[in-house]
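Observations on chain architecture
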Amino acid sequence: MADEASIETESSHESRDPLVAADNEASMRVLLRLWPWLRPYRGYLIFMLVVATAAMIVQSIVPLVTARLIDGPIARHDTAGMYPLVGVALLFGVAEALLFAIRRRAMTFSALAIESDLRRDFYEGLQRLPVSFHDRWPSGQLLSRVTADLSTLRRFVGFMAVFFVANIVVIVVILAMLVRLHPVLGLSVLVAMLPLVVGARYYERRYNAEARRAQDLNGDLATSVEESVLGIRVIKSFGRRAELLRTFTGDSDRLRRAELSKNTTLAQFWTLIGTYPQLILAGVTFFGIVAVSRHSLSTGELVAFITLQLRLNWPLMSMGWLMAGTEEAVAATARLFEVFDSVNDITDPAEPVALPTALPTGQPGARLSFEGVAFRFPGATVDTLSHVDLDIEPGETMALVGATGAGKTVLTSLVSRLHDVTAGVIRIDGRPITELALDELRACVSVAFEDPTLFSASVRENIALGRPAAADAEIAEAIEIAQAGFVYDLPYGVHTRVGEQGLSLSGGQRQRLAVARAVLGRPRILVLDDPLSALDVHTEAQVEQGLRRVLVTTTALIVAHRASTVLLADRVALLDGGRIVAVGRHRDLLASNRLYRELLSQAPAVA
Ligand SMILES: Nc1ncnc2c1ncn2[C@@H]1O[C@H](COP(=O)(O)OP(=O)(O)O)[C@@H](O)[C@H]1O
Ligand SMILES: [Mg+2]
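All of these numbers come straight from a predicted model, not from anything done at the bench. (Residues numbered from 1 in each chain as written. Chains lettered and ligands numbered in written order. Predicted model: local features only at pLDDT ≥ 70, side-chain atom pairs only at ≥ 80, totals over all residues. Heavy atoms only, no water.)

Within the chain, the secondary structure is distributed over 20 helices and twelve strands. Expected size for 607 residues packed as a compact globule is a radius of gyration near 25 Å; at 35 Å, the chain overshoots this value by more than 25%. Along the three orthogonal principal directions, the C-alpha set of the chain runs to about 115 × 60 × 50 Å. In the chain, which comprises 607 residues, the proportion classed as buried is 44%. Put simply, 79% of the contacts in the chain that link residues at least 6 apart link residues at least 24 apart. By element, 60% of the accessible surface of the chain is carried by carbon and sulfur atoms, the whole surface being about 31,500 Å². Side-chain charges in the chain split into 59 positive and 64 negative, and the spacing between the mean points of these groups amounts to 5 Å. (Helix = DSSP H or I, 4+ residues; strand = E, 2+ residues; numbered from the N terminus. Rg over C-alpha atoms; globule rule 2.2 N^0.38 Å. Buried < 20%, exposed > 50% of the residue type's maximum accessible area, 1.4 Å probe, protein only. Contact = heavy atoms within 4.5 Å. Areas by Shrake-Rupley, 256 points an atom, 1.4 Å probe, with all protein chains shown as cover. Lys, Arg positive; Asp, Glu negative; His and termini not counted. Charge placed at Lys NZ, Arg CZ, Asp CG, Glu CD.)

The final tally for this structure, using the stated rule, is eleven aromatic pairs. The interplanar angle of 20 degrees and the centroid separation of 5.2 Å between the aromatic rings of Trp37 and Phe340 together place this pair among those described as stacked. You can see Trp37 sitting in helix 3 (residues 35-38) and its partner Phe340 sitting in helix 11 (residues 299-341), a full 303 residues away along the chain. Ring geometry for Phe159 versus Phe163: centroids 4.9 Å apart, planes at 50 degrees, classification tilted. With Phe159 and Phe163 both in helix 7 (residues 139-181), this residue pair falls four residues apart, about one helical turn. The class for Phe163 is buried, based on a relative accessible area of 15%. An aromatic cluster of at least three residues, connected via ring pairs, comprises Trp37, Phe122, Phe337 and Phe340. (Phe/Tyr/Trp six-rings, centres within 6.5 Å; stacked < 30°, edge-to-face > 60°.)

Below, the discussion takes up the layout of surface pockets. Space inside the second largest pocket adds up to approximately 2,100 Å³. Along the wall of the second largest pocket there are 45 residues; nearest its centre are Val131, Leu418, Phe449, Phe455 and Leu465. Looking at the lining of the second largest pocket, the elements with two or more residues in it are helix 5 (79-128), helix 6 (131-136), helix 7, helix 12 (408-415), helix 13 (438-444), strand 6 (445-448) and helix 16 (507-519). Of the residues assigned to the lining of the second largest pocket, the class counts are 24 nonpolar, twelve polar and nine charged. Inspection of the lining of the second largest pocket shows a minimum of three residues originating in each of domain 1 (20-182 + 322-344) and domain 3 (368-600). (1 Å grid on protein atoms, 1.4 Å probe; cavity = no way out; pocket = protein on both sides within 12 Å on 5 of 7 lines; lining within 4 Å. Points joined across faces, edges and corners; volume = space filled by probe spheres on them. Nonpolar A, V, L, I, M, F, W, Y, C, P; charged D, E, K, R; others polar. Domains from an automatic or database assignment.)

Another point: the sheet that holds strand 2 (residues 385-392). Taken together, four strands build an open sheet; the order of strands is 2-1-4-5 and the sheet is antiparallel. Each edge of the open sheet is held by one strand with a lone partner, namely strand 2 and strand 5 (431-432). In this fold helix 12 packs onto strand 1 (368-375), strand 2 and strand 4 (423-428), with an angle of close to 120 degrees to the strand it touches most, strand 1. (Pairing = 2+ DSSP bridges. Axes fitted to C-alpha atoms, helices over the stretch in contact; angles between N-to-C directions.)

Turning our attention to the site of ligand 1. In the vicinity of ligand 1, the contacting residues are Asp135, Phe377, Thr384, Ala403, Thr404, Gly405, Ala406, Gly407, Lys408, Thr409 and Val410. Note that an oxygen atom of ligand 1 is positioned 3.3 Å from one of the backbone N or O atoms of Ala406. Contact between ligand 1 and Gly407: an oxygen atom at 3.0 Å from a main-chain N or O atom of the residue. Broken down by element, the shell around ligand 1 gets its largest block of residues, three residues, from helix 12. Across the shell around ligand 1, the residue classes break down as four nonpolar, five polar and two charged. (Near = heavy atom within 4 Å. Polar contact = N/O pair within 3.5 Å; in protein donor to acceptor, adjacent residues only side chain to side chain.)

To continue, consider the pairing of strand 1. Of all eight residues in strand 1, six are buried, a share of seventy percent or more. Where strand 1 lies against strand 2, five bridges are found, and the strand directions are antiparallel. Looking at the pairing, Phe375 lines up with Leu385 of strand 2. In the sheet, strand 1 pairs with strand 4 via five bridges, with the strands oriented antiparallel. Its bridge partner being in strand 4, Glu371 is matched across the sheet by Val425.

For the chain, per-residue confidence averages 84 on the pLDDT scale, and 91% of positions sit at 70 or higher. Across residues 1-25, confidence stays below pLDDT 50; counting only partners more than four residues off in sequence or on other chains, it has 29 contacts. (pLDDT = per-residue confidence, 0-100.)

On to the environment of Thr265. Within the secondary structure layout, Thr265 lies in helix 10 (residues 241-293). Residue classification places Thr265 among the buried residues on the basis of a relative accessible area of 1%. For the pair Thr265 and Gly508, spaced 243 residues apart in sequence, the C-alpha separation works out to 55 Å.

The next point concerns the coordination of the magnesium ion (ligand 2). Around the magnesium ion (ligand 2), the protein contributes the donor atoms Thr409 (OG1) and Glu450 (OE), which lie 1.9 to 2.6 Å from the metal centre. Placement of Thr409 in helix 12 and of Glu450 in the loop between strand 6 and strand 7 (457-458) is noted, with a sequence separation of 41 residues between them. With relative accessibility at 34%, the residue Thr409 sits in the partly exposed group. (Donors = N, O, S within 2.8 Å, 3.2 Å for Na, K, Ca; no water.)

Glancing now at the pattern of salt bridges. Counted according to the given criterion, the structure contains 25 salt bridges. Linking Asp78 and Arg76 is a salt bridge whose minimum nitrogen-to-oxygen distance equals 3.7 Å. The exposed category is assigned to Arg76, whose relative accessible area is 56%. Across the pair Arg367 and Asp391 runs a salt bridge, and its minimum N-O distance is 3.0 Å. Placement of the pair is Arg367 in the loop between helix 11 and strand 1 and Asp391 in strand 2, with a sequence separation of 24 residues. Overall, the relative accessible area of 29% leaves Arg367 in the partly exposed class. Classification of Asp391 by relative accessible area gives partly exposed; the value is 33%. (Salt bridge = Lys/Arg side-chain N within 4 Å of Asp/Glu carboxyl O.)

Along the chain, Trp314 falls in helix 11. Using a relative accessible area of 51% as the deciding quantity, one classes Trp314 as exposed. As for Trp314 and His561, which are separated by 247 residues in sequence, their C-alpha atoms are 71 Å apart.

A few words on helix 4 (residues 42-76). Over its 35 residues, helix 4 runs 50 Å from end to end, which matches the ideal 51 Å to within 8%, given 1.5 Å per residue. Leu69 marks the point of greatest bend in helix 4, at about 35 degrees, and the proline Pro73 comes within the next four residues. At the C-terminal side of helix 4, His77 shows a positive phi close to 55 degrees. (Expected span 1.5 Å × (residues − 1). Bend = angle between axes of the 7 residues up to and from the residue.)

What follows is the structure, given as structure tokens:
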């Protein structure tokens, strides 16, 4: 039973995570793609490499000085002859310490700089990518994985890559010294050491897999806790406490076992590290003494040999760890580049045309027309929208009515090119929107979405999102139009922080801020996707009163469910099954169209 459950957890992790696919195909070559980010710091990186290698080589030379000391002054009982050699050893020691300190500084600096460059470019990449990309990728996974991937890369670039190279150099240098001191014994040491590398690598892999699993389980537990805290009302009222506790206990137990096996692996690894080199040391000492007695090795050389051999332990064992780190870095890089490589098909035209300059205030907004517009989601088999023809006159307000799932939200998202049409063309003042610069298009079209998102920022910053330079008077006007006067009663007025990290607002309050954001600066085209759905009838009427003032001059497309919102519009377009099936005045449609009557029947018709 427990096993079944754990299998289930594992497979659900895979299916949940589209990023895992990247791990399989990654090869070392992927790392080369990091070069553009490394290049600005290449001087540092080469410097680090040289310094790290130098420090390790200096460290390896010291035993040779010791050998001289033993075979020379010590064997001859020559105190005076000792000083120069001791001086040299001391000098090496100081040099090593200095090089070590320098390398650490250089590493930290460049690794952090590279990480922050990558992070910035990644963020920019995410922002640049179209909505369709974000539809496909779960945002939580994307962000959590990416923070982990970036720190993996930082560790790799700043530490592992350097030691990978430095280690190889040092292993070669030390082996060369050992072979020079005593060829047979030197080569035997090399052969005897190999199992250590293999063993270290084996434990490394095992540990990584276990650590990954523990981390996933940890994430699951955190999610359970978060969900049960956020959903406490639902859980209590549906009497789900006992059941949830059982699930939680199960998860928690799996985590405990995962942590346990992680520690078992570690314990075995340290046993290997603790004992195996001792065996080699015993062998080296034994055969070394034999060699000394046969005069193929001097006493000093034997001491040097043993010391050097001991210095080989860490570089060799850490190769397993470095190889694992390299693999992780390869996977992390592959995942980053999945995002960098995702093509953004919604881009600025090569030669953008300009809209006619904004007309003096009080003049009508722009004309918005849809000509034979169709839209299909990537991978879908049927069109979500098809044959959409709609012409909205300058200054006209068009309501968009349709059943849930009819495609209203999709249609509104086409206007600011959050998605691009699959066929047909959308024009603003006669210009196809694909010929406008994206910035100009989005400055001209102002949108309030169904689900109003507030960012962790002040009320004012949230309203002025699209026009940070807006004057206080404009903000105040937008607040008034949207009937969002409640913001003045917040603890710090318009400077109160809202959103995820701030004060949480009710659905209706957030909708009104979204409306204020959309109407700020009197855009030429206003697109409102059911902006008043969470408002009570009284507040709704007030917001409509405010909106009326804006709608006189602005061209607007307003998704509406209630007759009261529809009444804001000059004409209504009825969307059904992805097509515009009727366009006309509210009164006429009520009289002539059964679907329209049905859709609006729940709401009291005031007309
Ligand atoms: N990201 C998406 N991928 C695939 N299909 C989608 C996506 N978003 C919406 N749809 C589908 O498109 C259709 C229209 O959705 P939408 O425009 O949101 O309807 P509504 O009229 O309620 O606003 C629905 O059938 C919906 O399931
Ligand atoms: Mg919708």
